[in-house]
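# Secondary and tertiary structure notes
For reference, the chains in residue letters:
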Amino acid sequence: MNPRIGSALTFSQMMFITLQSLPGFITFDSSSTRIEEGNRKTWLSYLPRLKPRQVPIMRWFSQVLVHTTGSLLNNWAFAFNVPLTVLIVFRSAGLAVSMVLGYFVLGRRYSAIQVISVLVVSSGAALATLSKTSTASSTADLVDMQRYGLGIVMIVTSLLLTGILGLLQEQTYKEYGPFWKEGVFYTHLLSLPVFLFLARDVKQGLASLNYPGSSVSVSGPAPGSAFSSWLILSGNLVSQLLCVSGVNKLTSRVSSVSTNLVLTTRKAISLCLSVWWFGSGWNAELAIGACMVFAGSLAFSLASSGTSVSGSEDDRESARDVHSSKRRKGKE
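Here the structure is a predicted model, which is why all the values come from computation and not from measurement.

### Observations regarding the overall build of the protein
Secondary structure assignment for the protein yields twelve helices and four strands. Residue burial in the protein is summarised as follows: out of 332 residues, 43% are buried. In the protein, the proportion of contacts linking residues at least 24 apart, taken out of those at least 6 apart, comes to 82%. Carbon and sulfur atoms provide 66% of the accessible area of the protein, an area that totals close to 17400 Å².

### Notes on helix H9 (residues 226-251)
Spanning 26 residues, H9 covers 37 Å between terminal C-alpha atoms, matching the ideal 38 Å at 1.5 Å per step. Of the residues making up H9, those classed as buried are Ser229, Leu233, Leu237, Leu241, Val244, Ser245, Val247, Asn248 and Thr251.

### Focus on the environment of Val64
Take Val64: it is sitting in helix H2 (residues 57-76). Overall, Val64 belongs to the buried group, its relative accessible area being 5%. Along the backbone, Val64 and Leu189 are 125 residues apart, and their C-alpha atoms lie at a distance of 8.8 Å. Excluding residues within four positions of it along the chain, Val64 makes contact with Tyr186, Thr187, Leu190 and Ser191.

### Here we look at the layout of surface pockets
Estimated volume of the second largest pocket: approximately 160 Å³. Phe90, Ala93, Ala96, Val97, Val100, Leu101, Ser122, Ala125, Val156, Leu159 and Leu160 together form the lining of the second largest pocket. Listing elements by their share of the lining of the second largest pocket, those giving two or more residues are helix H4 (94-105), helix H5 (112-130) and helix H6 (139-176). With four residues, the top contributor of residues to the lining of the second largest pocket is H4.

### Structural notes on a nonpolar patch on the surface
Taken together, the side chains of Val100, Tyr103, Phe104 and Val105 present a nonpolar region at the surface, about 420 Å² in accessible area. Topologically, Val100 is positioned in helix H4.

### Here we look at the UniProt feature "transmembrane region" (unreviewed entry) in the protein
Look at the UniProt record and you will see "transmembrane region" (unreviewed entry) annotated at residues 84-105, 112-130 and 150-168. Along residues 150-168, the helical share is 100% and the strand share 0%, with 27 Å between the first and last C-alpha atoms.

### Let's talk about the nonpolar core
Soluble globular proteins tend to bury their nonpolar side chains together. Counting residues in hydrophobic clusters, the biggest one holds 23 residues, and the most contacted among them are Val82, Val89, Tyr148 and Ile155. Listed by contribution, the elements that provide at least two residues to this core are helix H3 (84-91), H4, H5, H6 and helix H11 (284-304). Of the residues forming this core, the biggest block, six residues, is contributed by H6. Discounting residues that sit within four places of it in the chain, Ile155 has contacts with Ala77, Val82, Leu87, Phe90 and Arg91. Core analysis: the second largest hydrophobic core is formed by 15 residues, Ile17, Val64, Phe179 and Phe185 among them.

Rules and cut-offs
Residues numbered from 1 in each chain as written. Predicted model: local features only at pLDDT ≥ 70, side-chain atom pairs only at ≥ 80, totals over all residues. Heavy atoms only, no water. Helix = DSSP H or I, 4+ residues; strand = E, 2+ residues; numbered from the N terminus. Buried < 20%, exposed > 50% of the residue type's maximum accessible area, 1.4 Å probe, protein only. Contact = heavy atoms within 4.5 Å. Areas by Shrake-Rupley, 256 points an atom, 1.4 Å probe, with all protein chains shown as cover. Expected span 1.5 Å × (residues − 1). 1 Å grid on protein atoms, 1.4 Å probe; cavity = no way out; pocket = protein on both sides within 12 Å on 5 of 7 lines; lining within 4 Å. Points joined across faces, edges and corners; volume = space filled by probe spheres on them. Patch = residues over 30% accessible without salt bridge, like charges linked within 9 Å, V, L, I, M, F, W, Y side chains within 5 Å. Salt bridge = Lys/Arg side-chain N within 4 Å of Asp/Glu carboxyl O. UniProt positions renumbered as here; feature names shortened; annotations may be inferred. Core = buried A, V, L, I, M, F, W, Y, C linked by side-chain atoms within 4.5 Å.

Below you can see the structure in the form of structure tokens.
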């Protein structure tokens, strides 16, 4: 209905998840931060406040920077002629990004089969990306391809940031414990000030929902009423909440590589639903590329048992034991 709704969509997701999570992090107990005048409480003591954090705030700030930038770039890509099918397949290469980052940042080692699997995934993503390209026969076609290329650059950057975010989350949960709910709340709450600089785009995007027929539409079901537009947005927000909560909970229990494997499977289902629902954007190159991405991811998962992923999860279990021990000593 509106390919330029990216900023408004990202803001809506951040705000909705923040408000949904807020009740679990508000307390009216002033015992830990009591404000007194002599021995008498002041009125400030009765105001609600955020509960004490389990993780230092700077840990969440670093994730906010990566998460918000990646989310904006991912949603902006639709305004640069990137089809949803290409975006889904290309982002499925996140498994390869996680492996490369794990090798260079965490010093993990991978088997030959895993490396070959990642090369297959990367090649499939590249083939899917090129599936939209065609010979530019006019100036309009050339401009279109330039915009498409810029959109692909956005997806690549978002993909890299997503991989970095996975490592940051994995290291945070490993060091401080699986406080994934706190991670969901603070990474969304602290991202909201960013949208002060995007207020005009957010306003335009939300206003366009009231006039769905006036926006440039994609092929598929025709735009309906304003009610249906807001209903679609509501469905997106609820599904985003479930997705973010599930991903953070999973990351707190397994390695970022294992998380990306599950996400790749989810993207395969998303791709099938997208092709079925919109009925366009599918060709032989995209089909081959998608099969390469999903087959490579499956091969990687089968080769991962007993390798570096297992070691990472053993380290996480040890970290949990240490964290639990520290908490018990603190209570004593």
